[in-house]
Amino acid sequence: MQTKKNNDKIRNIAIIAHVDHGKTTLVDSLFRLGGIFRENQDVNERVMDRLDLERERGITIAAKNCAVEWKGVKINIIDTPGHADFGGEVERAISMADGAVLLVDAAEGPLPQTRFVLSKALAAGLAVIVVINKIDRADARPQAVLNEIYDLLIDLDASEEQLEFPVLYAVGRSGIAKKKPEDPDGKLDLLLDMVLEEIPPPKSDTGGPFRMLISDLSYSDYLGRLAIGKIYSGRARANDSLVCVGEDGTPSPLRVTRIQTYSGPSIADVPVVEAGDILILAGIEDVHIGDTICTKDNPAPLKRISVDEPTVSMKFNHNTSPLAGTEGTIVQPSRIFERLKREAMQNVSLRVFESADKDGFVVQGRGEFQMVILIETMRREGFELCVGRPAVIFKYENGKKLEPIEHLSVDCLNACTGIVTEKLSRRKGRIISMVNHESGRVRIEFSIPSRSLIGYRDEFMTDTKGTGILNSYLCGYEEYRGDFPERYTGSLVSDREGSAIPYALFNLEPRGTLFVCPGDPVYAGMIIGEHNRENDLNVNPTKEKKLSNMRAAGKDDNVILTPVLPMTLERAIQFIREDEFVEVTPKSVRLRKNDLSAVRRRF
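Calculation rules
Residues numbered from 1 in each chain as written. Predicted model: local features only at pLDDT ≥ 70, side-chain atom pairs only at ≥ 80, totals over all residues. Heavy atoms only, no water. Salt bridge = Lys/Arg side-chain N within 4 Å of Asp/Glu carboxyl O. Helix = DSSP H or I, 4+ residues; strand = E, 2+ residues; numbered from the N terminus. Buried < 20%, exposed > 50% of the residue type's maximum accessible area, 1.4 Å probe, protein only. Pairing = 2+ DSSP bridges. Right-handed = clockwise from strand over helix to strand, strands pointing away. Arc of directions from axis to C-beta. Contact = heavy atoms within 4.5 Å. pLDDT = per-residue confidence, 0-100. Axes fitted to C-alpha atoms, helices over the stretch in contact; angles between N-to-C directions.

Engineer: Would you explain the pattern of salt bridges in this entry?
Structural biologist: Any two side chains of opposite charge can pair, on the condition that their charged atoms come close. Tallied over the entire structure, the rule returns 34 salt bridges. For Glu422, the salt bridge identified is with Arg426, shortest N-O distance 2.6 Å. Taken together, the positions of Glu422 and Arg426, both in helix 10 (residues 417-426) and four residues apart, correspond to about one turn of that helix. Judged by its relative accessible area of 43%, Glu422 falls in the partly exposed class.

Engineer: Quick question: what am I supposed to make of the pairing of strand 4 (residues 99-105) here?
Structural biologist: Regular strands have side chains that alternate between both faces of the sheet. Within strand 4, seven of the seven residues are buried, which leaves it mostly tucked inside the rest of the structure. Neither face of strand 4 is left uncovered, since the one carrying Gly99, Val101, Leu103 and Asp105 and the one carrying Ala100, Leu102 and Val104 both have all their residues buried. Bridge count for strand 1 (residues 10-17) against strand 4 is five bridges, and the pairing is parallel. Bridged to Ala14 within strand 4 is Ala100. Two elements, strand 4 and strand 5 (residues 127-133), share seven bridges in a ladder whose sense is parallel. Note that in strand 5 the partner of Val101 across the bridge is Ile129. Traced from strand 4 through helix 4 (residues 112-123) to strand 5, the parallel crossover comes out right-handed.

Engineer: Got a minute to help me understand helix 10 in this structure?
Structural biologist: What sets the pattern is the α-helix's 3.6 residues per turn: residues three or four places apart point alike. Among all positions in helix 10, only Thr417, Val420, Thr421, Lys423 and Leu424 are buried. Buried residues of helix 10, viewed axially, fall in a sector of 165°; they line one side. On its buried face, helix 10 sits against strand 25 (400-413), strand 26 (430-436), strand 27 (441-449) and helix 12 (457-463).

Engineer: Would you mind showing me how to read the pairing of strand 5 here?
Structural biologist: Extensive coverage of strand 5 is indicated by the burial of six of its seven residues. Direction of pairing for strand 5 relative to strand 6 (residues 167-171): parallel, over a ladder of three bridges. Looking at the pairing, Val131 lines up with Leu168 of strand 6.

Engineer: I keep staring at the confidence of the model for the chain and nothing clicks. Help me out?
Structural biologist: Low-pLDDT stretches of the model should not have their predicted coordinates read in fine detail. With 90% of its residues at a pLDDT of 70 or more, the chain has an overall mean of 84. Taken together, the stretch residues 40-49 has pLDDT below 50 and engages in 33 contacts with residues farther than four places along the chain or on a different chain.

Engineer: It is not clear to me how the sheet that holds strand 4 should be interpreted in this structure. Could you clarify?
Structural biologist: Adjacent strands of a sheet form backbone hydrogen bonds with each other and so pair up, either parallel or antiparallel. Spatially, the eight strands line up as an open sheet ordered 2-3-1-4-5-6-7-8, and their pairing is mixed. A strand with exactly one partner marks an edge of an open sheet, and here the two such strands are strand 2 (64-70) and strand 8 (186-187). Strand direction decides the pairing type here: strand 6 and strand 7 (residues 176-178), joined by three bridges, are antiparallel. By the bridge assignment for strand 7, Val171 is matched with Ile176. Packed on one face of the sheet, helix 1 (residues 23-33) meets strand 1, strand 2, strand 3 (73-79) and strand 4 and runs near 35° to strand 2.

And the structure:
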């Protein structure tokens, strides 16, 4: 006879927040408090940011697991991304959690991505603890932020139980926490105690047959593919004979070679794991996120992880430029497609398939930033490829064309309000609200098509002189709002192959803004700059100064060029039009026309 009993020795929590509100730094402090690090141990900041891109950009890209022991209870912590483009990571992380710690900046308050991740936690029915972080900031306003959190929860249709959330005020970096802003500084053990009191133990059946939902996949050079997920019932031992139930419902036999659980930021071998814990299984090859691993005698699948539909698509091609293969080691289309499929297996929000013309591959995801991170990761692995402009995915219902609509929040100086509202209105944006905090800054909220934000962020930073903050989240689909001009400038296109010459570039500067420096390789069809006018212009960047035997004053003056802003991947993707590509290699980011021939482009 089966005995249904929850595992009181385990708590599973997800830490959710907007980008840069201090999630990963708070986890560092919890590790120190839980005795994971020695007192004199030299530890990097943001231990959970393991990817190079995460450390460089200061954001969490992939959800990651860790664990601390507190008063005899194991607390599994899932550090989730705060950016809506990585919503698939949030959804699969929440599938392993029974509660959430919502972290909010004491000065900025709940921002659009806070709303996004919190809505996912509330929809999953998770118990919520609110931590108002960075209360040591000079502009901190903890009481006003708490009121904004209540408003947000009410707006998200939170239940009465969820509205009665406990609150802590903290300085995560210093390990300080207290129940009221005026209280003396306490330690983060208040948070761990609150987790034990407020977060329920995992709903699991310790006496039932083994069942586990795969929520994450990883890879080890020594153990092969790793399947990660929460055990919903039963217990597991190494070398157990189990089955994997995929999307089609067919059980496939498998044998587990090793079982592991989290201990601090690392993993440790264990002989047996019980229901409620988060388990890492090694030795499983053919498994996907959302599959259920269970016993042969009771192959009952769990509910698969559901994610929001992708809203943006992007075309990936192998590199066809004259410089192909000179800087990268992986250029074959089959290898690119294989890498994209592997990424889609680990990221449930991505979809990959061949394009209709069989000339490349289409990747669908949540946003252009998610695509940028994928491309940047691939180029660091040695890939060479060409990518097109991101395009939104339209829906058609009852003969009407529907497009994704974003809720956009803009925080800028009073003096920049006019130019920002003018440009967003031109892009079919509609003002929802405007709040002036009498601090010299204004917060404006817009309802705007997703396609309007592609290519706008750099323009926004220029208009606000680098002081503006732009955040958005998907709020649904509406009827198509109409066309608008996406770019008012053309491209300066090289008409021949060679190296850029200072003399030629100096004479091209009045035509627009250049993207290349003297000595850079160029080829026919490569975009070397932005034209001042709307049309494209074919130019010769390799033209040399004619030599003569005549000497005259001013004849041999040195050429002084305007410094060129380095071309980043984000800037390149936001700049290109539909008939243009970004050529990405491990060493360079170049712009080019889809068709390199000037004659064919003319007709």
